[in-house]
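Listed here are the chains, written in short residue letters.
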Amino acid sequence: MIYMQGIQLDLISEARISQMASMEKVRYIIDEVRKGKILVLEKGLNPMEEAKLIEMTMSAIQPDVFSGIEMQSYPANTDGSLLGKIFKKQSSKRLTVIGPANQLKTLKKDRNLISALVSASK
Amino acid sequence: MNMIKRFKVSFSKIFNKLFKKKGACIGIYGPPNAGKTTLSNRILKDWVGAEETMGSVSHIAHETRHAKRRNAISIETNGHTISLDIVDTPGLATKIDFHDFMEQGMSDSESKKRSKEATEGVIEAVKWLDDLDGVILVMDSTENPYTQVNVTVIGNMEARNLPLLIVANKVDLPEADPAVIKEAFPQHPMVPVSALEGVGMDSFYEALAKQFG
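Residues numbered from 1 in each chain as written. Chains lettered and ligands numbered in written order. Predicted model: local features only at pLDDT ≥ 70, side-chain atom pairs only at ≥ 80, totals over all residues.

Q: Hey, could you go over the sheet that holds strand β4 (residues 134–140) of chain B for me, with residue numbers and the actual values?
A: Strands pair in a sheet through their backbones, by hydrogen bonds, and they do so in one of two ways: parallel or antiparallel. Residue and element names in this part refer to chain B. The mixed open sheet is built from 6 strands, whose spatial order is β2-β3-β1-β4-β5-β6. Only two strands of the sheet have a single neighbouring strand rather than two, namely β2 (68–77) and β6 (190–192). Between one strand and the next, the sheet's axes are offset by a mean angle of 25°, whatever the strand orientation. Both strand β1 (residues 24–29) and strand β3 (residues 80–88) contribute to a ladder of 5 bridges, which runs parallel. Opposite I28, over in β3, you have D88 as the bridge partner. (Pairing = 2+ DSSP bridges. Helix = DSSP H or I, 4+ residues; strand = E, 2+ residues; numbered from the N terminus. Axes fitted to C-alpha atoms, helices over the stretch in contact; angles between N-to-C directions.)

Q: An account of helix α7 (residues 201–212) of chain B is requested, with residue identities and associated values reported.
A: Residue and element names in this part refer to chain B. Counted at 1.5 Å a residue, the expected span for α7 with its 12 residues is 16 Å, and the 16 Å between its end C-alpha atoms agrees. Residues F204, A207, L208 and F212 constitute the buried set of α7. Projected down its long axis, α7 carries its buried residues within an arc of 105°, all on one side. (Expected span 1.5 Å × (residues − 1). Buried ≥ 20, exposed ≤ 12 C-beta atoms within 10 Å, placed from the backbone. Arc of directions from axis to C-beta.)

Q: Any details on helix α2 (residues 36–47) of chain B? Residues and values, ideally.
A: Residues and elements named next belong to chain B. The terminal C-alpha atoms of α2 lie 17 Å apart, and with 12 residues this matches the ideal 16 Å at 1.5 Å per residue to within 8%. All of the buried residues along α2 are K36, T37, T38, L39, S40, N41, R42 and I43. On the buried face of α2, the contacting elements are β1, β2, β3, β4, β5 (164–169) and α7. Looking one or two places after α2, you find G49, whose phi comes out positive at around 155°. (Contact = placed C-beta atoms within 7 Å.)

Q: Hey, could you go over the sheet that holds strand β2 (residues 38–41) of chain A for me, with residue numbers and the actual values?
A: Residues and elements named next belong to chain A. Ordered by their spatial adjacency, 4 strands build an open sheet running β1-β2-β4-β3, and the pairing between neighbours is mixed. On the outer flanks of this sheet lie β1 (9–12) and β3 (69–73), each paired with one strand and no other. Pairs of neighbouring strands in the sheet enclose a mean axial angle of 15°, with direction left out of account. As paired strands, β3 and strand β4 (residues 96–100) are joined by 5 bridges and run antiparallel to one another. Counted as the bridge partner of I69 is P100 from β4. Along the sheet face, helix α2 (residues 22–34) touches β1, β2, β3 and β4 and points at about 50° away from the line of β4.

Q: Quick one: what's the story with the confidence of the model for chain B, residue by residue and with numbers?
A: The predicted model of chain B averages 90 in pLDDT, with 90% of residues at 70 or higher. For this predicted complex, the interface confidence score (ipTM) comes to 0.86, while the overall pTM stands at 0.88. (pLDDT = per-residue confidence, 0-100.)

Q: Give a description of the environment of A:N46 that names residues and reports values.
A: Here A:N46 lies in the loop between β2 and α3 (47–60). As for A:N46 and A:R94, which are separated by 48 residues in sequence, their C-alpha atoms are 9.2 Å apart.

Q: Would you mind going over the nonpolar core in detail, with residue names and values included?
A: B:V135, B:L137, B:I166 and B:V167 are the most contacted members of the largest nonpolar core, which has 66 residues in total. Filtering out sequence-adjacent residues up to four positions away, B:I166 remains in contact with B:L137, B:M139, B:I181, B:F185, B:H188, B:P189 and B:M190. (Core = buried A, V, L, I, M, F, W, Y, C linked by C-beta atoms within 7 Å.)

Q: So what's going on with the interface of chain A and chain B? Which residues, and what values?
A: At the interface, 28 residues of chain A touch 28 residues of chain B. Secondary-structure elements contributing two or more residues to the side of chain A that touches chain B are α3, β3 and β5 (104–110) of chain A. If you tally residues by element for the side of chain A that touches chain B, the top one is α3(A), at 9 residues. For the side of chain A that touches chain B, the residue count by class is 12 nonpolar, 9 polar and 7 charged. (Nonpolar A, V, L, I, M, F, W, Y, C, P; charged D, E, K, R; others polar.)

Q: Would you mind going over the pairing of β4(B) in detail, with residue names and values included?
A: Across the 7 residues that make up β4(B), a large majority, 6, are buried. Running through helix α5 (residues 148–160) of chain B, the crossover from β4(B) to the neighbouring parallel element β5(B) is right-handed. (Right-handed = clockwise from strand over helix to strand, strands pointing away.)

Structure, rendered in structure tokens:
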């Protein structure tokens, strides 16, 4: 039997994440990332959920055990049309990548590209 | 945000304007070492007095680990006076590793203590988002602006329909490029400043009055 070593990458569909309540999503993400997984969310979190994730990540940090997360999502697409400005249309959520801070490092990021390095060593 | 919530926020804004609510509470946010406390100190120096400061500054990240509020700062610009409460918040981050502080020369115990306090500071900064009337988001104009902290703070202000002013700080440094920040977040007003040198502060106060006055 061949054993493969590496990092688990979970690509999570919008359908799966949208079934969860906000706190469930945040708890799920932290639990999975603490296991060393890299998560790619098809549609990311809303801004309040992102803030809650940062808050809960801080509570989970322990020296030499867990130093936090690396999270990258794209800036929101804003509706620049007249109607969009009047009704402040909520911009759609976009792809988000989240992983342990000691294993995922963002190399480059701009409006439409996230380039990251995943390291097997902690 | 749904229509009812948006209506409530808009109604609250109109009500506050009609009845001249005093001291809108404005949070100064940003990643560590962007210059938030330097900007806070500059505001106090310009409008309160040279002897008062919001906090100490350092090249080591997370120098500010507790939010500090200064009430009723009167700022005069273009013949109008506005009164603001300013909250200087700890730098937002998604990771805090005590080894980073050790690399700056701190001892193991000092680094772990600073790391713990820094995590508490970030939590405090996130909680303050619920109690603000607007945000000044300070970015280091020598750094890539597309950080998660910037994206999250801007997203929160947009979702809450609250005003935001972006400050492109550190324009005194040769590698500063505030145009990149404007290009990244074109939907929000941006002012280039050097809070340390006091460059661009007149434009900053004009923008402040326009956004939060």
